Amino acid sequence: MPGLLRGIARTAVVSGTATAVSNRVSRRQAGRWAEQDASQQMLQQPQVAAPAPPPDEMGSTIDQLKELGQLKAQGVLTEEEFATQKRKILG
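Remember, predicted model here, so these are calculated numbers, not experimental data.

When you go through the chain residue by residue, the secondary structure sums to three helices and zero strands. Its helices and strands in sequence order give the chain the pattern α-α-α, from N to C terminus. In the chain, which comprises 91 residues, the share counted as buried stands at 4%. A total of about 8100 Å² of accessible surface is found on the chain, and carbon and sulfur atoms cover 58% of it.

What follows is the structure, encoded as C-alpha cells:
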C-alpha cells in the first residue's frame with residue numbers, strides 16, 4: 001500500500017507541475033503574440049501629418065504676424081499679449 005500511495009503522490013506532483021508550466025508557457029506566448037500584434041498595427045497605420053494651410057491662408061497668417069509684431073514694437077502690446085495673440089494665430 002505505501003508504494004501505491006507514493007506512486008499516486010508522485011503522479012499528482014508531476015501532473016501539477018506540468019499544468020503550472022503549461023499555463024505559464026501559454027500566458028507568456030499569448031503576451032508575445034499581443035506585443036507582435038500591437039507592433040504590427042503600429043507599423044501598418046499610416047502616419048497622419050497635420051494638413052498644411054492653403055497658400056492664401058499662409059499669406060494671411062504671415063500678414064497677421066507682421067501686424068502683431070508692429071503693434072508690439074510700437075508698445076501697444078505687452079510681451080504677454082503678443083505671445084497670447086501669436087498662439088491664437090498659429091493655432
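Below, the discussion takes up the packing of aromatic side chains. Taken as a whole, this structure holds zero aromatic pairs when the rule is applied. The ring of Phe-82 carries Lys-72 above its face, with NZ or CZ at 5.1 Å from the centroid.

Before going further, it helps to examine a nonpolar patch on the surface. A surface patch of nonpolar side chains, about 320 Å² in accessible area, is lined by Leu-4, Leu-5 and Ile-8. Checked against the element boundaries, Leu-5 lands in helix H1 (residues 2–44).

Time to look at a positive patch on the surface. Together, Arg-24, Arg-27, Arg-28 and Arg-32 give the surface a local cluster of positive charge. Relative to the helices and strands, Arg-28 is located in helix H1. According to the relative accessible area criterion, Arg-28 is partly exposed, its value standing at 42%.

Within the secondary structure, Thr-61 is located in helix H2 (residues 55–73). Classification of Thr-61 as buried rests on a relative accessible area of 18%. Non-local contacts of Thr-61, meaning those with residues more than four positions away in its chain, are made with Ile-89 and Leu-90.

Taken as a whole and assessed by the stated rule, the structure comprises one salt bridge. Two residues, Glu-79 and Lys-72, come together in a salt bridge whose shortest N-O distance is 3.0 Å.

Okay, the confidence of the model for the chain next. Looking at the chain as a whole, its pLDDT mean stands at 80, while 82% of the residues score no less than 70. Here H2 stands out as the least confident element of the chain, with mean pLDDT 80; helix H3 (residues 79–90) is the most confident, with 88.

Thresholds applied
- Residues numbered from 1 in each chain as written.
- Predicted model: local features only at pLDDT ≥ 70, side-chain atom pairs only at ≥ 80, totals over all residues.
- Heavy atoms only, no water.
- Helix = DSSP H or I, 4+ residues; strand = E, 2+ residues; numbered from the N terminus.
- Buried < 20%, exposed > 50% of the residue type's maximum accessible area, 1.4 Å probe, protein only.
- Areas by Shrake-Rupley, 256 points an atom, 1.4 Å probe, with all protein chains shown as cover.
- Phe/Tyr/Trp six-rings, centres within 6.5 Å; stacked < 30°, edge-to-face > 60°.
- Lys NZ or Arg CZ within 6 Å of the ring centre and 35° of its normal.
- Patch = residues over 30% accessible without salt bridge, like charges linked within 9 Å, V, L, I, M, F, W, Y side chains within 5 Å.
- Salt bridge = Lys/Arg side-chain N within 4 Å of Asp/Glu carboxyl O.
- Lys, Arg positive; Asp, Glu negative; His and termini not counted.
- Charge placed at Lys NZ, Arg CZ, Asp CG, Glu CD.
- Contact = heavy atoms within 4.5 Å.
- pLDDT = per-residue confidence, 0-100.

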